[in-house]
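Chain by chain, the residues run as shown.
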Number of protein chains: 2
Amino acid sequence: MASINSNFLKLKAGYLFPEIARRVNAFTEANPSDAAKLIRCGIGDVTEPLPEAVRKAMHDGVDEQGNRETFKGYGPEQGYGFLREAIVENQYADLGISADEVFVSDGSKCDSGNILDIFGPGNRIAVTDPVYPVYVDTNVMAGNTGEADANGSYEGLLYLPCTAENGFVADLPSEKVDLIYLCFPNNPTGTVATREQLKAWVDYAKANDSIILFDAAYEAFIQDPEIPHSIFEIEGAKDCCIEFRSFSKNGGFTGVRCAYTVIPKTVTGAAADGSRVPLHQLWGRRHSTKFNGASYPVQKGAAAVFSAEGKAQVAALIEHYMGNAALLREACTTAGLTVFGGENAPYVWVACPEGTDSWGMFDKMLNQAQVVITPGAGFGAAGEGYFRISAFNSREKVEEVCQRIATVFG
Amino acid sequence: MASINSNFLKLKAGYLFPEIARRVNAFTEANPSDAAKLIRCGIGDVTEPLPEAVRKAMHDGVDEQGNRETFKGYGPEQGYGFLREAIVENQYADLGISADEVFVSDGSKCDSGNILDIFGPGNRIAVTDPVYPVYVDTNVMAGNTGEADANGSYEGLLYLPCTAENGFVADLPSEKVDLIYLCFPNNPTGTVATREQLKAWVDYAKANDSIILFDAAYEAFIQDPEIPHSIFEIEGAKDCCIEFRSFSKNGGFTGVRCAYTVIPKTVTGAAADGSRVPLHQLWGRRHSTKFNGASYPVQKGAAAVFSAEGKAQVAALIEHYMGNAALLREACTTAGLTVFGGENAPYVWVACPEGTDSWGMFDKMLNQAQVVITPGAGFGAAGEGYFRISAFNSREKVEEVCQRIATVFG
């Protein structure tokens, strides 16, 4: 009798986005004439075209596949050297990371989920609240949690509240934890951590022999020169941190698929026999056994993000989305709402007006403004009282959203 | 203290291909003037250009990413409908498989490894011997085995010998097993299973409530019209089988990355509470949580495999490689060697002459013919006494290999 992984049965049935879809459908069915007015600012997906430099490189990569002399079959599972070297040169210069510490993949969601393969059972795991749901769900699947409560919080995970009081940067836990998921600039709050705050986390991890899984998917949106882009800017991080990076949000690769994970060779974990094992070695084995490399034309495209043209085109994309974020912040502030994030990230995190909870705000924005936002409670119990507006959109639609916010709250 | 997955430490350090590389390097260092003569017939990687229809579709897909109106961000994790529908129409017509039972991915190696995520602990697992190493190594990582013995066989797995006596189709086990990996046409032996043999396996699985993980990555090479291309041609398979398919070997996608897994909604496993759970539902959740869809231009390219031009171009590729296989079979037979496979698969499986073991043959072919083959023992204990020659090569190189075989054994 084949037995299934019963941990899957603990998973809540993706309550957030299906529930959003259900409410949007109900609205458009009840108000068919308003359906065309809907503007979606919910999901964190890019909207602007893939940079020309990237497309050109991908075309070249496809053409190479048409010629016996330049045809590429299986590539190195870890990614082509040309891409890993471009990543180190452009993203980790002076940080002491080498190209063989970079693992290219088809996405950060995959990496941040699959990373649990290399960790043992029994680790005490901390996540922030609100949180990117993949960190939680993959721990549920791996059997690292108990059942969920009514808020969708799982027994066995330590949730670290991120609130206006702590600037949406979790306080250090008072207990010992083994794995810590941190995401800065943060999804969903759009907030960032200072160098001092990150240093405190690295110090905590070193003192407690814990590992920080640092998700830096939004680093390209950082405008403040004082904010670190990489956890490896922090002293000691190369002993205790893994960093996830992506081409999704800077280069607009959400549909093209390319990301990478950086594991310094100096980061180790404890084996059952007490010996220390480099996580780099374990991930290398996992990557080469259960993955077969990212698509070659895609890797060519990713490398072109670091060309002179690519850099200029990506900078223009970032400027566009951050311009959107500034408009959304201003519209919310003018409307008397309290706003967080959106200065170094493409997400604006807005406090609900007194007396309205986050699903109440969702309904109000849908019914009165025909704007789809994401209720904070969908990201965890501490997200209650907030909603997220995504800046990934055309300028025209963002300007329209701003006008509607003025009308609803004016 | 972060603990690692200590099961990884049971893994043999990839003894096969690194050892091949070590011996090849030693040869070229000792015989630098012969290095240029080396012909590699070891690894199962395609060599011929990506079909023109595929490249054209990929170019179109890249161009679409350059236009705001046709830009594609995150796609459906399960794959675009246009590709899933093309797969069903062209590969599963009349087999009762629906498009929502097809999960598109970036590779069969990934799928056949990741599938273990949805199964629980305690399953009794059977693999064939010789075997594609990924099936074994991913079970080791998942904690489904004990330690390896001197042959590289892991405690706790049931190895089913495939020999000349049983035509390299494993006999049914005399005991009850829960998960069974079958691969036809087979890697590494290049042999196939008849309809009756597959029927016996499906009947066994149904009788024992076990699941067959059926790897059909090489189905496009089948020449004999009596040999099933899909396990779902067998009555009852939709109750107990998962099938893995790939664009790697037919369309030449090893560097481009696209594959798919078919899970009928009628296949179930047992939960800890005794309830039956559809594996389709579990894999759907796994796929959408730990994967973000295959690259859009790649999915466009994969769909083009099923266009009229694509079909003709793929047929020409298959004809080329199978022509190579026929030449290699003939050369070996003429040289007095006993040959298996190579009639419905791009691998020729050759018995070593009496008195030579498979690594001995490897050394002989390397030293006397400068041809790199794969020793059968590298695929498992029952592979001892055989070697594999891959037909993935140019015609010119295959003809040269045939001449050298004639010289060495002449």
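Residues numbered from 1 in each chain as written. Chains lettered and ligands numbered in written order. Predicted model: local features only at pLDDT ≥ 70, side-chain atom pairs only at ≥ 80, totals over all residues. Heavy atoms only, no water.

## Re the UniProt feature "domain: Aminotransferase class I/classII large" (unreviewed entry) in chain A
- UniProt's feature table lists "domain: Aminotransferase class I/classII large" (unreviewed entry) at residues 38–405 of chain A, given in the numbering used throughout.
- Secondary structure across residues 38–405 of chain A divides into 34% helix and 16% strand, with the first and last C-alpha atoms of the span separated by 13 Å. (UniProt positions renumbered as here; feature names shortened; annotations may be inferred. Helix = DSSP H or I, 4+ residues; strand = E, 2+ residues; numbered from the N terminus.)

## Some thoughts on the side chain of Glu219 of chain B
- One can find Glu219 of chain B in the loop between strand E6 (211–215) and strand E7 (241–246).
- Of the residues examined, Glu219 of chain B reaches a relative accessible area of 8% and is grouped as buried. (Buried < 20%, exposed > 50% of the residue type's maximum accessible area, 1.4 Å probe, protein only.)

## Observations regarding the packing of aromatic side chains
- This structure, assessed with the given rule, holds 44 aromatic pairs over all chains.
- Summarising the aromatic geometry, the rings of Phe247 of chain A and Phe306 of chain A are spaced 5.9 Å apart at their centres and angled 70° between planes, so their arrangement reads as edge-to-face. Of this pair, Phe247 of chain A sits in the loop between strand E7 (241–246) and strand E8 (259–262) while Phe306 of chain A sits in the loop between helix H8 (296–304) and helix H9 (308–334), placing them 59 residues apart in sequence. The same class applies to Phe247 of chain A as to Phe306 of chain A, namely buried.
- Aromatic side chains Phe221 of chain B and Phe392 of chain B sit 6.0 Å apart centroid to centroid with 80° between the ring planes, which places their arrangement in the edge-to-face category. Here the residue Phe221 of chain B occupies a position in the loop between E6 and E7, and Phe392 of chain B occupies one in the loop between strand E15 (386–390) and helix H11 (395–409), the gap between them amounting to 171 residues.
- Phe221 of chain B gets classed as buried once you look at its relative accessible area, which sits at 0%. (Phe/Tyr/Trp six-rings, centres within 6.5 Å; stacked < 30°, edge-to-face > 60°.)

## Focus on the pairing of E8 of chain A
Residues and elements named next belong to chain A.
- Of the two faces of E8, the one holding Ala259 and Thr261 and the one holding Tyr260 and Val262 are both buried throughout.
- The pairing of strand E2 (residues 102–105) with E8 spans four bridges and is classified as antiparallel. Its bridge partner being in E8, Val104 is matched across the sheet by Tyr260.
- Pairing between E7 and E8: four bridges, direction antiparallel. Looking at the pairing, Arg245 lines up with Tyr260 of E8. (Pairing = 2+ DSSP bridges.)

## Things to note about the environment of Gln403 of chain A
- One can find Gln403 of chain A in helix H11 (residues 395–409).
- In this structure, the C-alpha to C-alpha distance between Gln403 of chain A and Phe27 of chain A, residues 376 residues apart in sequence, is 21 Å.

## A closer look at the interface of chain B and chain A
- Contacts between the two partners involve 83 residues from chain B, matched on the other side by 83 residues from chain A.
- Taken over both partners, the interface formed by chain B and chain A buries close to 6800 Å², and the fraction arising from carbon and sulfur atoms is 56%.
- In this structure, Arg285 of chain B engages Asp137 of chain A in a salt bridge whose closest nitrogen and oxygen atoms are separated by 3.0 Å.
- Summed over the shared surface of chain B and chain A, the result is 54 residue pairs in polar contact (both at pLDDT 80 or more).
- Broken down by secondary-structure element, the contributors of at least two residues to the side of chain B that touches chain A are helix H2 (52–64), helix H4 (108–114), helix H5 (133–141), strand E9 (268–270), strand E10 (276–278), helix H7 (279–290) and helix H8 (296–304) of chain B.
- Residue contributions to the side of chain B that touches chain A peak at seven residues, all from H7 of chain B.
- Its residues assigned to classes, the side of chain B that touches chain A shows 34 nonpolar, 28 polar and 21 charged. (Contact = heavy atoms within 4.5 Å. Buried area = accessible area lost by both parts, 1.4 Å probe. Salt bridge = Lys/Arg side-chain N within 4 Å of Asp/Glu carboxyl O. Polar contact = N/O pair within 3.5 Å; in protein donor to acceptor, adjacent residues only side chain to side chain. Nonpolar A, V, L, I, M, F, W, Y, C, P; charged D, E, K, R; others polar.)

## A closer look at the domain arrangement of chain A
All names here are of chain A.
- Here chain A is partitioned into domain 1 (11–49 + 309–409) and domain 2 (54–307).
- Here the C-alpha centroids of domain 1 and domain 2 sit 26 Å apart.
- Contacts between the two partners involve 31 residues from domain 1, matched on the other side by 41 residues from domain 2.
- Taken over both partners, the interface formed by domain 1 and domain 2 buries close to 2900 Å², and the fraction arising from carbon and sulfur atoms is 62%.
- Contact with domain 2 buries surface across domain 1, with Leu11, Asn344 and Phe379 losing the most and accounting together for 23% of the total.
- The tally of links from domain 1 across to domain 2 stands at zero salt bridges.
- Between the two partners, domain 1 and domain 2, sit 15 residue pairs in polar contact (both at pLDDT 80 or more).
- Elements represented by at least two residues in the side of domain 1 that touches domain 2 include exactly H9, strand E11 (339–341), strand E12 (347–351) and strand E15 (386–390). (Domains from an automatic or database assignment.)

## Focus: the layout of surface pockets
- One number sums up the size of the second largest pocket: a volume of about 1200 Å³.
- If you list the elements that add at least two residues to the lining of the second largest pocket, you get helix H1 (16–30), helix H4 (108–114) and helix H5 (133–141) of chain A together with H7 of chain B.
- With five residues, H5 of chain A is the single largest residue contributor to the lining of the second largest pocket.
- Along the lines of polarity and charge, the residues of the lining of the second largest pocket split into 21 nonpolar, 15 polar and eleven charged. (1 Å grid on protein atoms, 1.4 Å probe; cavity = no way out; pocket = protein on both sides within 12 Å on 5 of 7 lines; lining within 4 Å. Points joined across faces, edges and corners; volume = space filled by probe spheres on them.)

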